[in-house]
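# Chains, contacts and geometry: an overview
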Amino acid sequence: KLVGLTALVAPMFYLIPAAAAASGSEAPLLLAEVQRKTAAEFARLDVGLKRAAAALGEAGLTGDKARPILAELCGAFRFAVDCAAVDLDGRMATIEPAEFKLHEGKSIVGQEQVQHVRETRSPMLSNVVKAVEGFDAADAEYPIITAVGTYIGSVSLLFKTEAFLRELIAPLVKGTSVDIWAMETGGRILYDFDTPQVGLNLFDAPLYRPYPELLRLGRRIASSSEGEGAYRFTRAPSKKEVTKRAFWQSVSLYGAEWRLVAVQVEGE
């Protein structure tokens with residue numbers, strides 16, 4: 001589905017332990033809960049992909065038996081956009097739901113997550129890039145291996161990271177003074193309450209250049225799985241510049257790490 005991905009090592013999901021920060025802020029407590037919920041959803045996604053891969057290993061990648069397997073996989077995750085069975089030639093042999101059927105038969109053999117699964121027989125969660133469907137998304141790809149051990153392709157679940165994270169974060173921070181945003185280790189913003197920031201890269205977007213404290217902290221966030229710090233930035237929706245105290249933790253699926261960052265305006 002995706003083009004120009006960065007290769008990732010692909011072990012199973014894991015939760016990166018949080019450091020117990022002594023702080024009067026409620027941000028670390030909310031962050032810990034978001035981290036727990038995100039890791040649990042990653043675990044559920046892993047189980048769903050594994051089950052679908054096993055079923056497709058028996059049913060094959062096309063036909064009347066394959067399509068309901070993909071439909072069930074997509075239906076189990078509200079954030080899923082589409083699910084596909086990818087054959088040995090890298091073609092999307094079957095796609096659900098029906099509105100994406102027009103992409104069946106398209107070759108994605110050159111895409112890095114497909115190559116990774118073919119070469120390693122292990123799953124991969126991609127970075128977010130432009131999908132052939134026309135929007136930015138991440139792809140979780142899982143190998144399909146038959147009961148006799150033959151590799152026949154992979155199953156893919158395409159999703160928008162902002163939809164995935166909004167469902168987990170928004171209910172928890174509602175009514176609090178805490179905001180939680182998320183980014184890839186490469187700097188791309190995966191989720192933010194201020195929606196125009198989603199998809200920007202912290203390290204090269206013009207919006208962030210006037211804020212050197214934020215850029216320095218961003219480098220720390222990218223390089224360390226957990227920590228805390230402070231930075232100056234605007235506050236949505238007023239756009240007033242304030243000092244924010246930030247705490248971050250990490251979650252991972254198939255080797256791809258996401259940073260979760262809880263922020264609170266100092267003094268609140």
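Up top is the structure.
What this report covers is the structure whose coordinates are included nearby.

Criteria and cut-off values
- The numbering scheme is per chain: residues are counted from 1 as the chain's sequence reads.
- Confidence filtering applies because this is a predicted model: local features only for residues at pLDDT of at least 70, side-chain atom pairs given and counted only at 80 or more, and all residues used for totals across whole chains, interfaces and linings.
- The side-chain numbers reported here are obtained from all heavy atoms of the structure, hydrogens and water having been left aside.
- Here, a salt bridge means any Lys or Arg side-chain nitrogen found within 4 Å of an Asp or Glu carboxyl oxygen.
- Each helix is a run of H or I in the DSSP string that is no shorter than four residues. Each strand is a run of E no shorter than two, and both are numbered from the N terminus.
- Whether a residue is buried, partly exposed or exposed follows from its accessible area with a 1.4 Å probe, protein chains only, as a fraction of its type maximum: under 20%, in between, or over 50%, in that order.
- Note on geometry: axes are C-alpha line fits, over the in-contact stretch for helices, and angles between N-to-C directions span 0 to 180 degrees.
- Orientation is classified from the angle alone, with under 35 degrees giving roughly parallel, over 145 giving roughly antiparallel, 65 to 115 giving roughly perpendicular, and any other angle giving oblique.
- For any pair of crossing helices, the crossing counts as left-handed if the nearer helix is rotated counterclockwise from the farther one by less than a right angle, and right-handed if it is rotated clockwise.
- Should any heavy atoms of two residues lie within 4.5 Å, those residues are counted as being in contact.
- Amino acids outside the nonpolar list (Ala, Val, Leu, Ile, Met, Phe, Trp, Tyr, Cys, Pro) and the charged list (Asp, Glu, Lys, Arg) are all regarded as polar, and Gly is one of them.

### Overview of the pattern of salt bridges
- Summed over all chains, the structure comprises 16 salt bridges.
- One salt bridge connects glutamate 33 with arginine 36, and the closest N-O pair in it is separated by 2.7 Å. Highlighted residues: glutamate 33 and arginine 36, both in helix α1 (residues 27-59), separated by 3 residues, approximately one helical turn.
- Across the salt bridge formed by arginine 91 and aspartate 87, the nearest N and O atoms sit 3.5 Å from each other.
- Residue classification places arginine 91 among the partly exposed positions, given a relative accessible area of 36%.

### Some remarks on the packing of α1 against helix α4 (residues 161-173)
- Interaxial distance between α1 and α4 falls to 10 Å at its minimum, and their mutual angle equals 150°. In terms of their interaxial angle, α1 and α4 are classed as roughly antiparallel. The crossing of α1 and α4 is right-handed. Seen from α1, the contacting residues are Leu30, Glu33, Val34, Lys37, Thr38, Glu41 and Phe42; seen from α4, they are Phe164, Leu165, Leu168, Ile169 and Leu172.
- Its residues assigned to classes, the contact of α1 with α4 shows 8 nonpolar, 1 polar and 3 charged.

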